[in-house]
Every structure is written in structure tokens, then in C-alpha cells.
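Chain by chain, the residues:
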Amino acid sequence: MIETIARQTGAAFKLNKGDKLKVMDPQGEQVSDMVLFNAEDKREKLSSGKTLDFEETILITKGHHLWSNRSHKMMHILEDTNGRNDFLLAPCSPETFQIMYQNPEYHPSCFENLYTNLAKYGVEPDDVPTAFNIFMNVQFAADGRLTVAPPTSKAGDYLLLEAKMDLIVGLTACSAEQSNNYSFKPIQYEVIQAQK
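Residues numbered from 1 in each chain as written. Predicted model: local features only at pLDDT ≥ 70, side-chain atom pairs only at ≥ 80, totals over all residues. Heavy atoms only, no water.

**Section: the nonpolar core**
Proteins that are soluble and globular tend to have nonpolar side chains buried together. Leu21, Met34, Leu36, Leu66, Met75, Phe132 and Leu167 are the most contacted members of the largest nonpolar core, which has 29 residues in total. For this core, the secondary-structure elements that each account for two or more residues are strand E2 (10–15), strand E3 (20–25), strand E4 (32–38), strand E7 (73–80), strand E8 (132–134), strand E11 (157–163), strand E12 (167–172) and strand E13 (187–192). Residue contacts for Leu167: discarding those within four places in its chain leaves Phe13, Lys14, Leu15, Leu36, Phe37, Ala39, Met74 and Met75. Grouped together as the second largest cluster of nonpolar side chains are nine residues, Leu114, Leu118, Val128 and Ile168 included. (Core = buried A, V, L, I, M, F, W, Y, C linked by side-chain atoms within 4.5 Å. Buried < 20%, exposed > 50% of the residue type's maximum accessible area, 1.4 Å probe, protein only. Helix = DSSP H or I, 4+ residues; strand = E, 2+ residues; numbered from the N terminus. Contact = heavy atoms within 4.5 Å.)

Encoded structure:
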């Protein structure tokens, strides 16, 4: 069954080892932040550093694994119809909008949407790692400068990932204007249970 994450919100759920997760961009140009935790021990979680290290690239896509802080494979990316994702930038937070957007007003954020949805599994705000930013288009210049460009994802683009351990998953429809070409849209996902 396909679930819909409304714009600027999030969801959290469990996956069993062998289950597949399909994350879809139904309208195009919408980022989804994803974080992972070992369902048996939440201190083991998704690691940007380990993933970039072991996969030897900052462009994580089909064929790559997402690794934990304990150097274990958490997910395998089986399909990626868009091919552009980010694993450098942290989930947008209230401070993101104050510091980068000079916006003192309240603003929904992926960080808040992750930790509030993950709270039912005992995950606290300080536990949330750098997210795997599905469909996010971060460009890097020769001098190292980072810029966020509009996602290249089109309506219907998706990632299909396989769980390599029992997981707790946090997933968002990103809330940062620049990341989504200044238009907030939903994200859809489907859990495909492993055959027993």
C-alpha cells in the first residue's frame, strides 16, 4: 500500500530485514530526508561518513549501500530512476531558517519532523544523524563551495532500497525552500514485505 507524506511533514516506521522500501516523488522536484536506526539497538544508526568512505563517492545511487556508524550495511539501493541524491548536508532545522534564510519566524523543518515522528521508538533529537537526502541536488565547485540546485527528479521518480537489517526509518517531505525549487510537495513511500 502506498503511503503519502504530506508536504513539510514526516513519518516513521519499521522495516524487517529483507523488506524493500520504495520512496517516490509523485509530482517532481521534491526532496525526502531519510534516517535509519538498527531496530535492535538504536545507538547504531545511519552514517554519512562511513557511507561516503566505504562507497568511495559522494554521489550515492543505484548499487551503493547505506552504512551504519558501526560499519554495517543498513540498506542496499536497488533502483534509482533519478540518480541524484545528497549525503553531505544535515536535515534542515529551525536554526537553518534563522541562520541561512534570516527568518526569525517558526518554520517547519525536516529535523523536527524526523525527531517528533521517531519519538514513538525512543529516538531523541540528539540521536538524529545526517540524513540521506533523496532527490536533493547539491552541487560542489572546484574550490569546494556547495550550492543547492533544484532537484532533477521528475514526477514518478523513485528509489527502491532493501533493508539489510531490522530498521527504524524516519522519512520526510522536505521543508526547505531552496532544496525543493521553492515549492513544497508530498512524498510517497511503499513497504514491500520480504517473502517469508
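**Quick word on the packing of aromatic side chains**
Applying the stated rule across the entire model yields five aromatic pairs. Taking 4.5 Å as the distance between ring centres and 5° as the angle between the ring planes, the aromatic pair formed by Phe13 and Tyr189 counts as stacked. Of this pair, Phe13 sits in strand E2 while Tyr189 sits in strand E13; the two residues are 176 residues apart in sequence, bridging distant segments of the chain. Tyr189 shares its class with Phe13; the two are buried. Looking at Lys22, its charged tip hangs above the ring of Tyr158, at a distance of 4.3 Å from the centre. (Phe/Tyr/Trp six-rings, centres within 6.5 Å; stacked < 30°, edge-to-face > 60°. Lys NZ or Arg CZ within 6 Å of the ring centre and 35° of its normal.)

**Details of the environment of Leu46**
Mapping Leu46 onto the fold places it in the loop between strand E5 (41–45) and helix H1 (48–55). Leu46 sits in the buried class, given a relative accessible area of 3%. Ignoring any residue separated from it by four or fewer positions in sequence, one finds Leu46 in contact with Met34, Val35, Leu36, Leu66, Trp67, Ser68, Met74, Phe87, Pro129, Thr130 and Phe132.

**Overview of unusual backbone geometry**
The phi torsion of most residues other than glycine is negative, and most of the peptide bonds are trans. With a phi close to 55°, Asn181 is a non-glycine residue in the positive phi region. Relative to the helices and strands, Asn181 is located in the loop between E12 and E13. When its relative accessible area of 32% is taken as the criterion, Asn181 is described as partly exposed.

**Quick notes on the pattern of salt bridges**
Summed over all chains, the structure comprises two salt bridges. We note a salt bridge from Asp41 to Arg70, for which the minimum N-O separation is 3.0 Å. Taken together, the residues Asp41 in strand E5 and Arg70 in the loop between strand E6 (65–67) and E7 connect sequence positions 29 residues apart. Connected through salt bridges with shared partners, the residues Asp41, Arg43 and Arg70 form a single ionic network. (Salt bridge = Lys/Arg side-chain N within 4 Å of Asp/Glu carboxyl O.)

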